[in-house]
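# Breakdown of the fold
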Amino acid sequence: MVKRHAAEQERYNPFVMLADGLLTLFYGMLVTWRNLWRPKITVRYPYERRPVPPRYRGLFYLKWNEEKQRLNCVGCTLCAQACPTDVITMVKLGKGTHAGVSEFTMDLGRCMFCNLCVEACPFDAIYMGPAYELASERRDAAVFRIADLAQGGEEAVRKNIETIQRLMAEEEKAKPAAAHASEGHAS
Amino acid sequence: MIEAVASFFVQHPLLWTFVKAVVLASFTLMIPLAVIYIERKVAGYIQSRLGPVHVGPQGTFQTVADALKLLLKEDIVPTGADRRFFYLAPYIAFISTVLSFMVLPFAPGWVALEMNVAVLFVLGVSLFNVVSILMAGWSSNNKYSLLGGLRAVAQLLSYEIPMVLSVLVVVFYTGSLSLTEIIEYQVKHGWNIWHPPVLIAALIYFICALAEINRTPFDLPEAESELVSGFNTEYSGMRFALFFASEFANNFFITAFAAALFFGGWDGPILPPIVWMFLKVFVMIFVFMWVRWTPPRLRIDQILRFAWQGLVPLSLLNLLFAIALGVR
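Residues numbered from 1 in each chain as written. Chains lettered and ligands numbered in written order. Predicted model: local features only at pLDDT ≥ 70, side-chain atom pairs only at ≥ 80, totals over all residues.

## A few points about the overall build of chain B
- A count of helical and extended segments in chain B gives 12 helices and zero strands.
- Tracing chain B from N to C terminus, the helices and strands come up as α-α-α-α-α-α-α-α-α-α-α-α.
- Taking 2.2 N^0.38 as the reference for a compact globule, 328 residues should give roughly 20 Å; the C-alpha atoms of chain B span a radius of gyration of 20 Å, in line with that estimate.
- With the C-alpha coordinates aligned to their principal axes, the bounding extent of chain B is approximately 60 × 55 × 45 Å.
- By residue count, 44% of the 328 residues in chain B fall in the buried class.
- Pairs at least 24 apart in sequence give 77% of the contacts found in chain B among residues at least 6 apart. (Helix = DSSP H or I, 4+ residues; strand = E, 2+ residues; numbered from the N terminus. Rg over C-alpha atoms; globule rule 2.2 N^0.38 Å. Buried ≥ 20, exposed ≤ 12 C-beta atoms within 10 Å, placed from the backbone. Contact = placed C-beta atoms within 7 Å.)

## Quick notes on the overall build of chain A
- Across its full length, chain A holds six helices and seven strands.
- The secondary structure elements of chain A, listed N-terminal to C-terminal, are α-α-β-β-β-α-β-β-α-β-β-α-α.
- Per-residue burial for chain A yields a buried fraction of 17% across its 187 residues.

## Here we look at the nonpolar core
- Membership of the largest hydrophobic core comes to 86 residues, with the highest contact counts inside it found for Val170, Tyr205, Cys208, Phe252, Ala256 and Ala258 of chain B.
- Per-element accounting of this core gives the leading share, 16 residues, to helix H10 (residues 237–262) of chain B.
- When residues no more than four places from it in sequence are discounted, the contact partners of Tyr205 of chain B are Met163, Ser166, Val167 and Ala258 of chain B.
- Counting residues in hydrophobic clusters, the runner-up holds 27 residues, among them Cys79, Cys121, Ala150 and Ile164 of chain A. (Core = buried A, V, L, I, M, F, W, Y, C linked by C-beta atoms within 7 Å.)

## Remarks on the sheet that holds strand S5 (residues 100–107) of chain A
All names here are of chain A.
- Within the open sheet, the three strands sit side by side as S4-S5-S7. Their pairing is antiparallel. Looking along the sheet, the strands with just one partner apiece sit at the ends: strand S4 (88–93) and strand S7 (143–144).
- Pairing of S5 with S7, which is carried by two bridges, proceeds in the antiparallel orientation. Among the inter-strand pairings, Met106 is bridged to a residue of S7, identified as Phe144. (Pairing = 2+ DSSP bridges.)

## Some thoughts on the packing of helix H2 (residues 13–46) of chain B against helix H3 (residues 62–72) of chain B
All names here are of chain B.
- Between H2 and H3, the shortest axis-to-axis distance is 8 Å and the interhelical angle comes to 120°. In terms of orientation, H2 lies oblique with respect to H3. Crossing of H2 against H3: the hand is right-handed. Counted together, Leu33, Ile36 and Tyr37 of H2 and Gln62, Thr63, Val64 and Ala67 of H3 form the full contact between these two elements.
- In the contact of H2 with H3, the residues fall into five nonpolar, two polar and no charged. (Axes fitted to C-alpha atoms, helices over the stretch in contact; angles between N-to-C directions. Parallel < 35°, antiparallel > 145°, perpendicular 65-115°, else oblique. Left-handed = near helix turned anticlockwise from the far one by under 90°. Nonpolar A, V, L, I, M, F, W, Y, C, P; charged D, E, K, R; others polar.)

## Remarks on the interface of chain B and chain A
- Of the residues lining the interface, 10 residues belong to chain B; the matching set on chain A comes to 11 residues.
- Residue composition of the side of chain B that touches chain A, grouped by class: seven nonpolar, two polar and one charged.

## Regarding the pairing of S5 of chain A
Residues and elements named next belong to chain A.
- Both S4 and S5 contribute to a ladder of six bridges, which runs antiparallel. Its bridge partner lying in S5, Leu93 is registered against Gly100.
- Here S4 folds back onto S5, and the loop between the two strands holds six residues, one of which, Gly94, carries a positive phi near 75°.

## A word on unusual backbone geometry
Residue and element names in this part refer to chain A.
- Not every positive phi belongs to a glycine, and Asp86 is a case in point at roughly 55°.
- You can see Asp86 is positioned in the loop between helix H3 (78–82) and S4.
- With 11 C-beta atoms packed within 10 Å, Asp86 lands in the exposed category.
- The backbone phi angle of Asn115 is positive, close to 80°, even though this residue is not glycine.
- Counting through the fold element by element, Asn115 comes out in the loop between S5 and helix H4 (116–120).
- Take Asn115: there are 14 C-beta atoms within 10 Å of it, and that puts it in the partly exposed class.

## Quick look at the packing of H2 of chain B against H10 of chain B
Residue and element names in this part refer to chain B.
- The geometry of H2 relative to H10 is characterised by a closest axis approach of 8 Å and an angle of 80° between their N-to-C directions. Compared by their axis directions, H2 and H10 come out roughly perpendicular. Residues Thr28, Leu29, Ile31, Pro32, Val35 and Ile36 of H2 form the contact with H10, whose own contacting residues are Phe244, Ala245, Phe248, Ala249, Asn251 and Phe252.

## Focus on the environment of Tyr159 of chain B
Residue and element names in this part refer to chain B.
- Within the secondary structure, Tyr159 sits in helix H6 (residues 143–174).
- Exposure remark for Tyr159: the 25 C-beta atoms within 10 Å place this residue in the buried category.
- Tyr159 sits 48 residues away from Ile207 along the chain, and the two C-alpha atoms are 8.7 Å apart.
- Not counting chain neighbours up to four residues away, the residues in contact with Tyr159 comprise Cys208, Ala211, Glu212 and Ala307.

## Structural notes on the environment of Leu165 of chain B
Residue and element names in this part refer to chain B.
- Examined against the element boundaries, Leu165 turns out to sit in helix H6.
- Owing to 21 C-beta atoms within 10 Å, Leu165 belongs among the buried residues under this scheme.
- As a C-alpha pair, Leu165 and Phe240 span 75 residues in sequence and 33 Å in three-dimensional space.

## What to know about the confidence of the model for chain B
- Put simply, chain B has an average pLDDT of 85, and 99% of its residues get 70 or more.
- Scoring of the predicted complex yields 0.78 for pTM and 0.74 for ipTM. (pLDDT = per-residue confidence, 0-100.)

## Here's the deal with helix H8 (residues 196–212) of chain B
Residues and elements named next belong to chain B.
- The end-to-end C-alpha separation of H8 is 24 Å, in line with the 24 Å expected for 17 residues at 1.5 Å each.
- Every buried residue belonging to H8 is among Pro197, Val198, Ala201, Ala202, Ile204, Tyr205, Ile207, Cys208, Ala209, Leu210, Ala211 and Glu212, and all of these are buried.
- Residues of H8 that are buried in the fold lie against H6, H10, helix H11 (273–292) and helix H12 (300–324).
- One or two residues past the end of H8 sits Asn214, with phi positive at roughly 55°. (Expected span 1.5 Å × (residues − 1).)

## Some thoughts on helix H7 (residues 179–189) of chain B
Residues and elements named next belong to chain B.
- Looking only at H7, the buried set comprises Leu179, Thr180, Ile182, Ile183 and Gln186. Around the axis of H7, the buried residues are gathered within 165° of arc, so they sit on the same side.
- Against the buried residues of H7 lie helix H5 (118–139), H6 and H10.
- At the exit of H7 stands Gly190, carrying a positive phi of roughly 90°. (Arc of directions from axis to C-beta.)

Here's what the structure looks like:
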């Protein structure tokens, strides 16, 4: 009881309080002084950029298959079906084993970057890339067409259509012969 | 050429006064631009940021751009405001600041008005600033503004006394109320700060100056986290700019006053006097900013108790100490 009283007196001793206050004040001043000279963490954004993490969900891209000289996309619309906000529309090109797309449009004005289309794709065709500066003053700038999305751009789209058309034509050429052969065989 | 101009102004003293007034008023409007820029830089650096970097080299034109923006902004008067006082308050704040600058010697001969009671004059006109704050707080018809204004008055009442008492110690030492004479005394006899009673007086002055210009930890009249922006909450456009300018010009002035009283004003080797004056002022302004980002804000009752129970007795004792040492 007596001890506690003494402790309390100690705590409310004005000189102890003053010394304590001054000490903490000067310690605080030391902390801010040190902070003044520490390296700054600011990234001056328009002039400097931080690297984007590898799994960043930025602008979509359609994967280019160098070996087959075409885009991986076969136009199956699984991504369009998976999309909760109807971002994706596409025009299918060719059919069967050589199926692809001639048009692939994404209206990112509706996109919420949920990654569901990427997860739905069984052909490794659509991915989310590192580009993130997608804001614009125009509404139609949010609509990205196939040339904007394909890896390799306009050139890749052209080659993609060429390859698919060539393969389809080859198949078409081989088909009547095969059909004829099988017909002949049957008769 | 210079002689012709000089003789012209000697013949027309009123015109010369007008020129000096214009120069001083412009200086009072311009100096906040520099002080605010430094403030923002120091604040940024202490918080591991860079501060303004975008406008001009190293962001130096940022405050100029801000001032231009404020000039162009709409001037809004809140409904139910006491219009006369609402309009008048910023001008009183600004005029009180210009008046204090009037008697401040920047360098030998660089003083707008040589006054033999300059110290008394400064302590007098700096009071007007608080009158304007109360006017602004009262006339805004806003609870936050009113609370800010009331706090400003309570704070001034408690801090003006120890401040005057600490200035009085310097006056005792130098035997003059003229700022020019005080500085010239220090040029001859060494800075006042080296005398023990003046050192204590300078510390008291420093604390009171923080309270006088409403800076953390005594920034109660404009405590952002509780009073929105305090007494100037309802102000916008150029009137707000005037309040802001007068606040930061006051910041400059109170350190310049301290430099004149304690640190020998323009006294210093090699560099020209005006440079020394500004050097001392900006070092002290830096310390003010440094303090601003360190201790948290006090409560109003803590502030008043600290003033009345701590600083007033201390400054009185210090005055007795100075007298006991038998100066001059």
